[in-house]
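Structural characterization, general
Residue-level listing of the chains:
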Amino acid sequence: MSHPYTCPNCRTNKTRFNLIDQVAHAVKLDPNSGEVVQEYSSGQLEPFHIPYRGPERKVQCATCGLIEDELVFIKQAEYLQAKQRNG
């Protein structure tokens, strides 16, 4: 479902954005070299390895460069629409 966006920082941009789809890869690293020792699928995580619970999408304003969760841009657009309706 589509939603209008408005940048909460510059508040003028309502049309130009970069959509950033986030894809988490669960891995175990070697503490000394930083090399990937093991990659996990979502069903095989070890104890103490919390699965990613962050947003699926981030949005960048292509005018000022602000990067935030998609919901922040949606809520800013909703706020401005309600403000315009109420005077």
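Everything discussed here concerns the structure shown above.
What this report covers is the structure whose coordinates are included nearby. Computed from a predicted model, the values in this text were never measured in an experiment.

Even without being glycine, Arg-11 reaches a positive phi, approximately 60°. Checked against the element boundaries, Arg-11 lands in the segment before β1 (17–21). Even without glycine at this site, Phe-48 takes up a positive phi of about 70°. Among the structural elements, Phe-48 can be located in the loop between β3 (36–40) and β4 (57–61).

Soluble globular proteins: nonpolar side chains tend toward being buried together. By size, the foremost hydrophobic cluster in this structure holds seven residues: Tyr-5, Cys-7, Phe-17, Val-59, Cys-61, Phe-73 and Ile-74. Broken down by secondary-structure element, the contributors of at least two residues to this core are β4 and α1 (70–85). Those residues within four positions of Ile-74 in sequence are excluded, and the remaining contacts are His-3, Pro-4 and Tyr-5.

Moving on: the pairing of β3. Of the pairings in the sheet, the one linking strand β2 (residues 26–29) to β3 comprises four bridges and is antiparallel in character. When the bridges of β3 are listed, Lys-28 appears paired with Gln-38. Hairpin connection from β2 to β3: six residues lie between these consecutive antiparallel strands, with Gly-34 at a positive phi of about 80°.

What follows is about the layout of surface pockets. Approximately 160 Å³ is the volume attributed to the largest pocket. Lining the largest pocket are eleven residues, and of these Ala-24, His-25, Ala-26, Pro-51 and Tyr-52 lie nearest its centre. Residues belonging to the lining of the largest pocket are distributed by class as follows: seven nonpolar, four polar and no charged.

Our focus in this paragraph is the pattern of salt bridges. The full count for this structure, using the stated rule, is five salt bridges. Here Arg-57 and Asp-21 are joined by a salt bridge, their closest N and O atoms 3.2 Å apart. With Arg-57 in strand β4 and Asp-21 in strand β1, this residue pair connects regions lying 36 residues apart in the sequence. Taking the relative accessible area as the measure of exposure, Arg-57 reaches 27% and is therefore partly exposed. Looking at Asp-21, the relative accessible area reads 52%, which means it is exposed. Residue Glu-46 pairs with Lys-28 through a salt bridge whose shortest N-O separation is 3.9 Å. Here Glu-46, found in the loop between β3 and β4, pairs with Lys-28, found in strand β2; they are 18 residues apart in sequence, far enough to count as distant.

Conventions and cut-offs
Residues numbered from 1 in each chain as written. Predicted model: local features only at pLDDT ≥ 70, side-chain atom pairs only at ≥ 80, totals over all residues. Heavy atoms only, no water. Helix = DSSP H or I, 4+ residues; strand = E, 2+ residues; numbered from the N terminus. Core = buried A, V, L, I, M, F, W, Y, C linked by side-chain atoms within 4.5 Å. Buried < 20%, exposed > 50% of the residue type's maximum accessible area, 1.4 Å probe, protein only. Contact = heavy atoms within 4.5 Å. Pairing = 2+ DSSP bridges. 1 Å grid on protein atoms, 1.4 Å probe; cavity = no way out; pocket = protein on both sides within 12 Å on 5 of 7 lines; lining within 4 Å. Points joined across faces, edges and corners; volume = space filled by probe spheres on them. Nonpolar A, V, L, I, M, F, W, Y, C, P; charged D, E, K, R; others polar. Salt bridge = Lys/Arg side-chain N within 4 Å of Asp/Glu carboxyl O.

Spatial relationships are all this shows, so hold off on functional conclusions.
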